[in-house]
Number of protein chains: 2
Amino acid sequence: MEEGVVIDHTILKVDSFLNHQLDISLLEEIGKEFYTYFKEKKITKIITIETSGIAFAVFVATYFGHIPVVFARKQESKINNKDCYSSKVYSFTKDKEYEVRIDKRFINAEDHVLFIDDFLANGQAILGLLEIAKQANATVEGVGIVIEKSFQNGRKRIEEKEVDLYSLARIKGFVNGKVVFVEE
Amino acid sequence: MEEGVVIDHTILKVDSFLNHQLDISLLEEIGKEFYTYFKEKKITKIITIETSGIAFAVFVATYFGHIPVVFARKQESKINNKDCYSSKVYSFTKDKEYEVRIDKRFINAEDHVLFIDDFLANGQAILGLLEIAKQANATVEGVGIVIEKSFQNGRKRIEEKEVDLYSLARIKGFVNGKVVFVEE
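Now for a description of the structure that goes with this document. By convention here, each chain's residues receive numbers from 1 onward along its written sequence. Chain letters start at A and ligand numbers start at 1, both assigned in the order the entries are written. For a predicted model such as this one, the threshold for reporting local features is a pLDDT of at least 70, and the threshold for listing and counting side-chain atom pairs is 80 or more; totals across whole chains, interfaces and linings nevertheless cover every residue. Here the side-chain values reflect all heavy atoms present in the structure, with hydrogen atoms and water set aside.

1. Looking at the relation of the copies chain B and chain A
Now for step 1: Mapping chain B onto chain A is achieved by rotating through 180° and translating by 0.0 Å along the same axis, at an RMSD of 0.0 Å. The relationship between the two copies is best expressed as a two-fold rotation axis.
Now for step 2: In what follows, residue pairs with any heavy atoms lying within 4.5 Å of each other are defined as contacts. Comparing interface residues between copies, 100% of those in chain B also sit at the interface in chain A, which points to an isologous, same-surface contact. A least-squares fit on C-alpha atoms brings the copies together, and the residues used are those whose pLDDT is at least 70 in both copies.

Encoded structure:
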């Protein structure tokens, strides 16, 4: 509420604490909260996408007993790599397609994974990770999101896949440059 | 020694624990070790460059009492941004120039900064951060590197700037696909 800056009615800038400068106490609390919500599940690996998810994914992993974190790489779609699982992701913000990739050595059929990311809007990135998990025959135990733009359709698209989705902040919209949260 | 994979006599692949899959216990130990070495300095901020430095920079910051981490953004040089300090960096690995940037709100003359990064080779990225600190009139208290390729000239170039440089692993070279460390 205090530090998020609303730009153009659709973009929320959170670079003072979440994705340029990092508020470490907050990230640690974020890690703890995701652990509290998902702790009954037998999670073997935390998976995120570079860049902004890494900083709190490591704290989630710490609470789960120092399990590994894997961050998917974003790459241009042109280069083929048979050592990786990959999925095409379309970015509405940047209006371009890229690929998310995870090396086949780092996700497999024994894994029970929790996906973590900073923002959920149209859900493209998470759907890409779900596709990778499917290729690897890994079990997806849940998705943890810090900021959900509930006025976009990401939640709907993830819930259609019957995945447990937990968002810490759910934004209904922006009114006069202020964030309005979903009432729960 | 066990998990690093030597490629082409000059590249060390450490993606099973440092920059794709992350060994959280190791990252925590890395954070502790940098804290132990630099703890006498009055550090106000940990600064790294996206992407790989973020995962252990947050642990360094935790040990320093949850001080903020700022990660510099890499961008193409074309776009101007007067709200950021920036410096051009040439990547030998990728043979292209990019720019590292930090928003002017997140580094200033009151700051005493510690730079953290995963690899030191030619030192271009760190020299870029030193240039940004100079623009911001911030005090550089030191540089912490996880893996130093001591057969390249990064250390020399940073020491010429009279900056305290501490590397956890110093590699002399690669012999028959094995890592040989600098004897100290």
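Moving on, there is more to tell.
2. Topic: the nonpolar core
Now for step 1: With 66 residues, the main nonpolar core has A:Leu27, A:Ile46, A:Val58, B:Leu27, B:Ile46 and B:Val58 as its most contacted residues.
Now for step 2: If sequence neighbours within four positions are ignored, A:Val58 has contacts with A:Val69, B:Leu22, B:Ile24, B:Leu27, B:Ala55, B:Val58 and B:Phe59. Side-chain atoms within 4.5 Å are what join buried Ala, Val, Leu, Ile, Met, Phe, Trp, Tyr and Cys residues into a set we call a nonpolar core. Relative accessibility under 20% of the residue-type maximum defines a buried residue, over 50% an exposed one, and the middle range a partly exposed one, all with a 1.4 Å probe and only protein chains included.

3. Things to note about the packing of aromatic side chains
Residues and elements named next belong to chain A.
Now for step 1: Pairing of aromatic side chains requires ring centres within 6.5 Å, counting the rings of Phe and Tyr and the six-membered ring of Trp. Pairs whose planes differ by under 30 degrees are stacked, by over 60 edge-to-face, and all others tilted. Applying the stated criterion across every chain, the model contains 17 aromatic pairs over all chains.
Now for step 2: Relative to Tyr166, the ring of Phe34 has its centre 6.2 Å away and its plane inclined at 85°; by these criteria the two rings are edge-to-face. One end of the pair, Phe34, is in helix H1 (residues 24–38); the other, Tyr166, is in strand S10 (residues 165–175), with 132 residues separating them in the sequence. Exposure class is identical for Phe34 and Tyr166. Each is buried.
Now for step 3: Their ring planes at 85° and their centres at 5.0 Å tell us that Tyr90 and Phe92 sit as a pair that is edge-to-face.
Now for step 4: Under the relative-accessibility criterion, Phe92 is labelled partly exposed at 48%.
Now for step 5: For a Lys NZ or an Arg CZ to count as sitting over a ring, it must be within 6 Å of the ring centre and within 35 degrees of the ring normal. The ring of Tyr85 carries Lys104 above its face, with NZ or CZ at 5.5 Å from the centroid. Starting at the N terminus, helices and strands are each numbered in turn, a helix being any DSSP run of H or I of at least four residues and a strand any DSSP run of E of at least two.

4. Considering the environment of B:Glu160
Residues and elements named next belong to chain B.
Now for step 1: Topologically, Glu160 is positioned in the loop between helix H4 (154–159) and strand S10 (165–175).
Now for step 2: Relative accessible area serves as the criterion here: at 54%, Glu160 is assigned to the exposed category.
Now for step 3: Residues Glu160 and Ile126, 34 residues apart in the sequence, show an inter-C-alpha distance of 13 Å.

5. Thoughts on the interface of chain B and chain A
Now for step 1: Facing the 34 residues of chain B at the interface are 34 residues of chain A.
Now for step 2: Here's the idea: put two parts together, see how much 1.4 Å probe accessible area each one loses, and the total over both is what we call buried area. Taking both partners together, chain B and chain A bury about 2,700 Å²; carbon and sulfur atoms supply 59% of that area.
Now for step 3: Of all residues in chain B, B:His20, B:Gln21 and B:Ile24 bury the most surface against chain A, accounting for 24% of the area lost on that side.
Now for step 4: Between Lys or Arg on one side and Asp or Glu on the other, a salt bridge is scored when a side-chain nitrogen of the former is within 4 Å of a carboxyl oxygen of the latter. For the interface between chain B and chain A, the tally reads two salt bridges.
Now for step 5: For B:Asp15, the salt bridge goes to A:Arg105, with nearest N and O atoms at 2.6 Å.
Now for step 6: Polar contacts, as used here, are pairs of N or O atoms within 3.5 Å; protein pairs need one atom able to donate a hydrogen and one able to accept it. Residues neighboring in sequence count only if both atoms are side-chain atoms. Summed over the shared surface of chain B and chain A, the result is 16 residue pairs in polar contact (both at pLDDT 80 or more).
Now for step 7: If you list the elements that add at least two residues to the side of chain B that touches chain A, you get strand S3 (21–22), helix H1 (24–38), helix H2 (54–63), strand S5 (69–75) and strand S7 (96–103) of chain B.
Now for step 8: The biggest single contributor to the side of chain B that touches chain A is H2(B), with six residues.
Now for step 9: When residues are grouped by polarity, Ala, Val, Leu, Ile, Met, Phe, Trp, Tyr, Cys and Pro land in nonpolar, Asp, Glu, Lys and Arg in charged, and all others, Gly among them, in polar. Among the residues making up the side of chain B that touches chain A, the classes are represented as 16 nonpolar, nine polar and nine charged.
Now for step 10: A pair of strands is considered paired only if DSSP assigns at least 2 bridges between the two. The pairing of strand S5 (residues 69–75) of chain A with S3(B) spans two bridges and is antiparallel. Note that in S3(B) the partner of A:Val69 across the bridge is B:Leu22.

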